[in-house]
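Structural overview
Letter by letter, the chains look like this.
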Amino acid sequence: MGEILTSSTAPADLDNFGTHGNYVSGEWGPSVSGRTFIRRDPSDTRATVGTFAESDQSDVDEAVRAARAAQPDWNGVPAPKRGEILFRFGQLLARDKEFVARQVTREMGKVIEESRGDVQEAIDLAFLYAGEGRRLFGETAPSELRDKWAMSVREAIGVAGIITPWNVPVAIPALRLMPALIAGNTVVWKPASDSPSSAVMLVRLLAEAGIPPGVVNLVTGSGNNVGLPLAQHPDVDVIAFTGSTEVGRQVAAAAAAGLKRVTLELGGKNAIAVMADADLDLVVESVVWAAFGTSGQRCTACSRLVVEEPIADRLLARLSDRVSALRLGPGLDTRTQVGPLVNHAAVERVARYVEIGRADGRLVCGGDAPEGDLANGHYVVPTIVDGLGADHVLAQDEVFGPLLTLIRVPDYPAAVEAVNATRYGLSSSIFTTDLHRAFRAMRDFRTGLVYVNGGTIGAETQLPFGGMKETGNGHRDAGRAGLDNFTEWKTLYVDYSGRLQRAQIDNQAPS
Ligand code: NAP
């Protein structure tokens, strides 16, 4: 293993992010086995992003030991003081925003403007949860007895195992790390293997902000060798997993034996419903952003367009012109509108679905392999398929790429049925100028997020984020709800009557 970079300052040479170890007990070092893996640039796989520790169970054990040892002291730091460290972290991330954003684009491909948004969301989350250090409110309630005090407080759970995906590699870790830390938990974090350098950058900034040794531990490596042992580890109290529904199921099963708390934020198959009275200019712009932003690789990306039949052809013609003109390229090129997919497996997966769409429906645009310089990267041309029903596999599976399926419906009730006809329940949206219908959709769509006259993406940090059905297991990230994932409720009663008082029995004197 080569030089281990520990400086919090950005290396001058972006093309050489260097070699990085794990971060355990406040020290950077190689994995126990000494093995490493290389992350390549998805826009041109001839370029290397960096080299990272390939870890296994032994590394997880060390990191969990460090987190366990550090937890009592961290929990003893007053929450407002913990908040000051998170606030400082937010300031440092703002200082390094451009460098971090460029590195995000290099390692996972999305266009630089979106990477800046990713980093900004993490800054916002740092400031939000820093403020929670002065709140972390419990409740006080009147007791049913005289001279008795009744209240509840939040407490840390202990050691949190955090497993994150690559598609939003800065904000999603912040969604988990910030509430975990403000509540007094310590953390072992396993980031996605396709976005390890984002994790290294965040941990360096956390250390620079003053997070004490052992409070945040980073272990890089594969899902099977690091994620699974973390989920199974008997000394980890809570698992926060964000990723696919398939892997989420495995993680929940692995954690079940230890009866850990498990919070799962999983896949989506998000729909935009377009009513005949909608503003079509707004629809076109919103669908392009929601369906093809991050090359369709957002959990909230729109992959189903449910359209009232009378306007379907008109909308499709305009959408097709707009989508065909989208410019593919490396995310660091500011002219690029759609970047590469994250890896070769993703390209193959999307290509398989495109072929199914070609066979069973009608390709409206896209579907061809990109040519020229793009052949060295993981590019897929934005594609729209028409002529399929809401139950078709393209309208059911989370394709996770720039592939949009159009579903024609006769009226609003059929639109509701189509929007809800999936095992996922993350985000949905309706475009209409009818106020009554907008409110009905807010009631009728079975998703954790519903937008009116906006695409399926654009969640803000101060409100709950997450989904229904197989998008999760009932927990929510962000806002005050994010604290619920990382806190225990403790209820406290103080009797100052000086005599035995018995609650929950019939205290009424007989009449
Ligand atoms: P993924 O394949 O499920 O991986 C997510 C994380 O789990 C990665 O760190 C991965 O490690 C790890 N992992 C893989 N196999 C594991 C196992 N057996 N045990 C424990 N951990 C394991 O998902 P992804 O491709 O990174 O991300 C895309 C998915 O995430 C999509 O389904 C998307 O909808 C979902 N997502 C959901 C939300 C949300 O908030 N609802 C947000 C973003 C993304 P490796 O990288 O080493 O494989």
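Cut-offs applied
Residues numbered from 1 in each chain as written. Predicted model: local features only at pLDDT ≥ 70, side-chain atom pairs only at ≥ 80, totals over all residues. Heavy atoms only, no water. Pairing = 2+ DSSP bridges. Helix = DSSP H or I, 4+ residues; strand = E, 2+ residues; numbered from the N terminus. Contact = heavy atoms within 4.5 Å. Axes fitted to C-alpha atoms, helices over the stretch in contact; angles between N-to-C directions. Expected span 1.5 Å × (residues − 1). Buried < 20%, exposed > 50% of the residue type's maximum accessible area, 1.4 Å probe, protein only. Arc of directions from axis to C-beta. Polar contact = N/O pair within 3.5 Å; in protein donor to acceptor, adjacent residues only side chain to side chain. pLDDT = per-residue confidence, 0-100. Near = heavy atom within 4 Å. Areas by Shrake-Rupley, 256 points an atom, 1.4 Å probe, with all protein chains shown as cover. Nonpolar A, V, L, I, M, F, W, Y, C, P; charged D, E, K, R; others polar. Phe/Tyr/Trp six-rings, centres within 6.5 Å; stacked < 30°, edge-to-face > 60°. Salt bridge = Lys/Arg side-chain N within 4 Å of Asp/Glu carboxyl O.

1. Points about the sheet that holds strand S5 (residues 48-53)
With mixed pairing, the 3 strands of this open sheet are ordered in space as S1-S5-S4. Among the strands making up the open sheet, the edge pair consists of strand S1 (19-20) and strand S4 (36-40). Sheet topology note: the S4/S5 ladder contains 5 bridges and is antiparallel. By the bridge assignment for S5, Arg 40 is matched with Thr 48. Across the sheet, helix H3 (residues 97-108) touches S4 and S5, and the angle it forms with S5 is around 90°. Here helix H6 (residues 196-209) sits on the sheet and contacts S1, S4 and S5; the angle it forms with S5, its principal contact strand, is near 65°.

2. A short note on helix H11 (residues 344-360)
The end-to-end C-alpha distance of H11 is 25 Å, a good match for the 24 Å that 17 residues give at a rise of 1.5 Å each. Regarding H11, the residues found buried are Ala 346, Val 347, Val 350, Tyr 353, Val 354 and Gly 357. One face of H11 carries all of its buried residues, which in axial projection span an arc of 130°. Among the exposed residues of H11, those pointing more than 90 degrees away from its buried face are Arg 352 and Ala 359. Packing partners of the buried residues in H11 comprise strand S15 (362-365), strand S16 (383-386) and strand S17 (403-409). With a side-chain oxygen positioned 3.3 Å from the backbone nitrogen of Ala 345, the residue opening H11 is Asn 343.

3. Here we look at the confidence of the model for the chain
Put simply, the chain has an average pLDDT of 95, and 96% of its residues get 70 or more. In the predicted structure, residues 1-14 sits below a pLDDT of 50 and forms 35 contacts with residues beyond four places in sequence or in another chain.

4. Here we look at the side chain of Ser 55
Here Ser 55 shows up in the loop between S5 and helix H1 (57-76). Owing to a relative accessible area of 0%, Ser 55 belongs among the buried residues under this scheme. Of note is the side chain of Ser 55, whose polar atom sits 2.8 Å from the side chain of Asn 22. Ser 55 has contacts with Asn 22, Ser 31, Val 219, Thr 220, Gly 221, Asn 225 and Val 226, leaving out every residue within four places of it along the chain.

5. Focus: the sheet that holds strand S14 (residues 302-308)
Spatially, 7 strands are ordered S15-S16-S17-S14-S13-S19-S20 in an open sheet, and the strand pairing comes out mixed. Each having just a single partner strand, S15 and strand S20 (449-452) make up the two edges of the open sheet. Taking each pair of neighbouring strands and ignoring which way they run, the sheet shows an average axis angle of 25°. In this sheet, S17 lies alongside S14 in parallel orientation, the contact comprising 5 bridges. Residue Leu 305 lies in a different strand from S17, and its bridge partner there is Leu 406. In this fold helix H10 (residues 309-324) packs onto strand S13 (270-274), S14, S15, S16 and S17, with an angle of close to 145° to the strand it touches most, S14.

6. Quick word on the site of the ligand
Lining the immediate environment of the ligand, one finds 31 residues, of which Thr 164, Ser 193, Ser 244, Leu 266 and Glu 398 sit closest. Gly 223 is positioned such that a nitrogen or oxygen atom in its backbone is 3.1 Å from an oxygen atom of the ligand. Here Gln 250 contributes a side-chain N or O atom positioned 3.0 Å from a nitrogen atom of the ligand. For the ligand, whose accessible area on its own is 910 Å², the fraction buried by protein is 88%. Elements with a minimum of two residues in the shell around the ligand: helix H7 (223-232), strand S11 (238-242) and helix H8 (245-256). Per-element tally for the shell around the ligand: the top contributor is H7, with 4 residues. Looking at the shell around the ligand, its residues break down into 14 nonpolar, 14 polar and 3 charged.

7. What to know about the packing of aromatic side chains
The way to describe two aromatic rings as a pair is by their centre distance and the angle between their planes. If you walk through the whole model with that rule in mind, you get 6 aromatic pairs. Judged by centre distance (5.8 Å) and plane angle (40°), the ring pair of Phe 37 and Phe 52 falls under tilted. Taken as a pair, Phe 37 in strand S4 and Phe 52 in strand S5 lie far apart in primary sequence, 15 residues in all. Overall, the relative accessible area of 13% leaves Phe 37 in the buried class. Relative to Phe 127, the ring of Phe 87 lies with its centre 4.7 Å away and its plane at 35°, an arrangement referred to as tilted.

8. Quick look at the environment of Tyr 379
Mapped onto the elements, Tyr 379 comes out in the loop between S15 and S16. Distance in space between the C-alpha atoms of Tyr 379 and Val 342 is 9.0 Å, their sequence separation being 37 residues. In contact with Tyr 379, not counting residues within four places along its chain, are Ser 43, Leu 328, Gly 329, Pro 330, Gly 339, Pro 340, Val 347, Pro 370 and Leu 374. Within the local environment of Tyr 379, its side chain forms a polar contact with the backbone oxygen of Gly 329, the two atoms lying 3.5 Å apart.

9. Considering the pattern of salt bridges
Inspection of the entire model under this criterion finds 30 salt bridges. Across the pair Glu 208 and Arg 95 runs a salt bridge whose closest N-O atoms are separated by 3.0 Å. On the criterion of sequence distance, the pair formed by Glu 208 in helix H6 and Arg 95 in helix H2 (residues 79-95) is long-range, its members being 113 residues apart. Judged by relative accessible area, Glu 208 falls into the partly exposed class, the value being 31%.

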